[in-house]
Structure formats: C-alpha cells, structure tokens
Amino acid sequence: MSFLRGPRLSAEKKDRIPPGQYYTEKWPVLHYGSVPSTDLRTWNFRVWGEVEEPFSITWAEFKALPRKEVHTDIHCVTRWSRLDVDFSGVAIQTVLERARVKPSARFAIAHCEQGYTTNMPLEVLDDDDVLLCDTADGEELTPDHGYPLRLLVPKRYFWKSAKWIRGIELVTEDQLGFWERYGYNNSADPWKEERFSGE
Ligand SMILES: Nc1nc2c(c(=O)[nH]1)N[C@H]1C(S)=C(S)[C@@H](COP(=O)(O)O)O[C@H]1N2
Ligand SMILES: [Mo]
C-alpha cells in the first residue's frame, strides 16, 4: 500500500504518531553547522540568570548527580517520529533545584556549543520527562546526536532537544532561539502540528 511509509505499525503505535508524521526506525541526524568536538577535561555546564545560586559544574560533577531514565517517543518537525527510545541522564529538576530558580523566572534558554540556542517556557522545561541526557538506548550519545550531553524535551518537536548543551539561562522575558528566529513555531507541540510560526 503506497500510502504507508516505512514499516507497518500496530494500532497502539499508530496512535502515538502525531498528525503529519511518519514512523522511522532510523535515527536521522539534523542540525545547523558542524559537529563540535568536546574535551571533557574543560567541559562545564552552567545554570544562570533568574536564579539564587548560579553554578557551573564539571563533567565529573555532572556524572555524580542522581540519574534518571526516560522511555519516550521523539518527533522531528521534518516529519519523522521514532518510538520507544530509552534515554538516561539527569532530571532537569536536579539542576533547577540546585540553582534555586527565582519566582521571576518565566522562560528558559538552552545554550549550546557554537552559539545554538532554543527557548521554552519554564513549565515546558520543568516537566517530569525532561532530561539532560547523555545516553540513548544504553549507549553514550554519538557526536552527531549531541555527545556528551543534550537536552531532551519529548513533548515538543525535536529541535527543542538541544544537542551539545552547555548551560541553561532563566529569564523573565521570552527570547527566540536559533530555529525559532528562523521561522519555526515558538511553542512546537507536535500534537497541535505547531511546525512553523504563523501556523
Ligand atoms: N546544538 C544544536 N542542537 C540541535 C540542533 C542544532 O542545529 N544545534 N538542531 C535541532 C534539530 S532541528 C533537530 S531535528 C534535532 C535533531 O537531533 P538528532 O540529530 O539527534 O536527530 O536536534 C536539534 N538540536
Ligand atoms: Mo529539526
């Protein structure tokens, strides 16, 4: 049947594919620019902005934080969806609590290598399936998928899941990130097909 793209899916799995998406078993690689190389000896991760306790931690300190696993589906605005991925890393709440986010903080900006940013309301970031993630399906992230660390925000299109993340800034006013300035939808809910701005 020509309208089926890719492998056949059970009804249960079909219901997990948002409108306008197709199922893939592959994990495509998408980003702007080149894959950065990371030296874990100089790598750090910062939280700053509207917080009581801005901090910077090394890779060793990051790896000593409590771990969490998230089993989820991911949806890219270029229309592929991948189901049942096992991610592991550190719950976003672990770093937000350590920084003691001020009540004035309303939005978060993820800052990555080479200046890539993505933005979201604090309540979108502060969700129980959001991870700072360093493994996928039991393997360390590969360089092209964000090694050593990426953000995972499963309820939004995948461009909000910033690769090569180096910090989070909490702000009072929203600031568009890289793809959001380029015309991608600021909210990016795949179940509402919020792909591009103006839609
Ligand atoms: N640092 C950074 N993160 C990024 C991007 C980027 O250009 N730079 N692109 C985003 C986009 S558009 C997508 S679809 C996903 C793709 O992630 P993947 O290559 O692991 O599938 O990464 C997101 N994270
Ligand atoms: Mo994307």
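Residues numbered from 1 in each chain as written. Chains lettered and ligands numbered in written order. Predicted model: local features only at pLDDT ≥ 70, side-chain atom pairs only at ≥ 80, totals over all residues. Heavy atoms only, no water.

**Student:** Is there a simple way to explain the overall build of the chain in this structure?
**Tutor:** Tallying secondary structure elements over the chain gives five helices and 11 strands in all. Relative to its length of 199 residues, the chain is compact, with a C-alpha radius of gyration of 17 Å against a globular reference of 16 Å. Principal-axis analysis of the C-alpha atoms places the extent of the chain at approximately 55 × 35 × 30 Å. Sorting the 199 residues of the chain into buried and exposed places 52% on the buried side. The contacts in the chain between residues at least 6 apart in sequence include a share of 68% that link residues at least 24 apart. Of the roughly 10000 Å² that the chain leaves accessible, carbon and sulfur atoms contribute 49%. Each charge class in the chain can be summarised by its mean position, and for the 26 positive and 32 negative side chains these summaries are 4 Å apart. (Helix = DSSP H or I, 4+ residues; strand = E, 2+ residues; numbered from the N terminus. Rg over C-alpha atoms; globule rule 2.2 N^0.38 Å. Buried < 20%, exposed > 50% of the residue type's maximum accessible area, 1.4 Å probe, protein only. Contact = heavy atoms within 4.5 Å. Areas by Shrake-Rupley, 256 points an atom, 1.4 Å probe, with all protein chains shown as cover. Lys, Arg positive; Asp, Glu negative; His and termini not counted. Charge placed at Lys NZ, Arg CZ, Asp CG, Glu CD.)

**Student:** Looking at this structure, I do not really get the layout of surface pockets. What am I missing?
**Tutor:** Summary: where empty space remains is shown by rolling a probe the size of a single water molecule over the atoms. Approximately 430 Å³ is the volume attributed to the largest pocket. As for the largest pocket, its lining consists of 26 residues, and the residues nearest its centre are Leu30, His31, Tyr32, Tyr116 and Trp179. Looking at the lining of the largest pocket residue by residue, the classes come out as 16 nonpolar, seven polar and three charged. (1 Å grid on protein atoms, 1.4 Å probe; cavity = no way out; pocket = protein on both sides within 12 Å on 5 of 7 lines; lining within 4 Å. Points joined across faces, edges and corners; volume = space filled by probe spheres on them. Nonpolar A, V, L, I, M, F, W, Y, C, P; charged D, E, K, R; others polar.)

**Student:** How should I be thinking about the site of ligand 1 in this particular structure?
**Tutor:** If you check the shell around ligand 1, you find 19 residues, and the closest are Pro28, Tyr32, His145, Arg150 and Lys163. Trp27 has a polar side-chain atom sitting 2.9 Å from an oxygen atom of ligand 1. Measuring from an oxygen atom of ligand 1, one finds a backbone N or O atom of Pro28 at 2.7 Å. For ligand 1, whose accessible area on its own is 530 Å², the fraction buried by protein is 98%. Among the cavities detected, the one that contains ligand 1 is the largest pocket. Its residues placed into classes, the shell around ligand 1 shows 14 nonpolar, three polar and two charged. (Near = heavy atom within 4 Å. Polar contact = N/O pair within 3.5 Å; in protein donor to acceptor, adjacent residues only side chain to side chain. Sits in = over half its atoms within 2 Å of the grid points.)

**Student:** How do you make sense of the environment of Leu122 when you look at a structure like this?
**Tutor:** With respect to the helices and strands, the residue Leu122 is situated in helix H4 (residues 122-125). Each C-alpha atom, one on Leu122 and one on Asp39, is 30 Å from the other, the two residues being 83 residues apart in sequence. For Leu122, the contacting residues outside a window of four places in its chain are Leu96, Val101, Ala105, Arg106, Phe107, Ala108 and Leu170.

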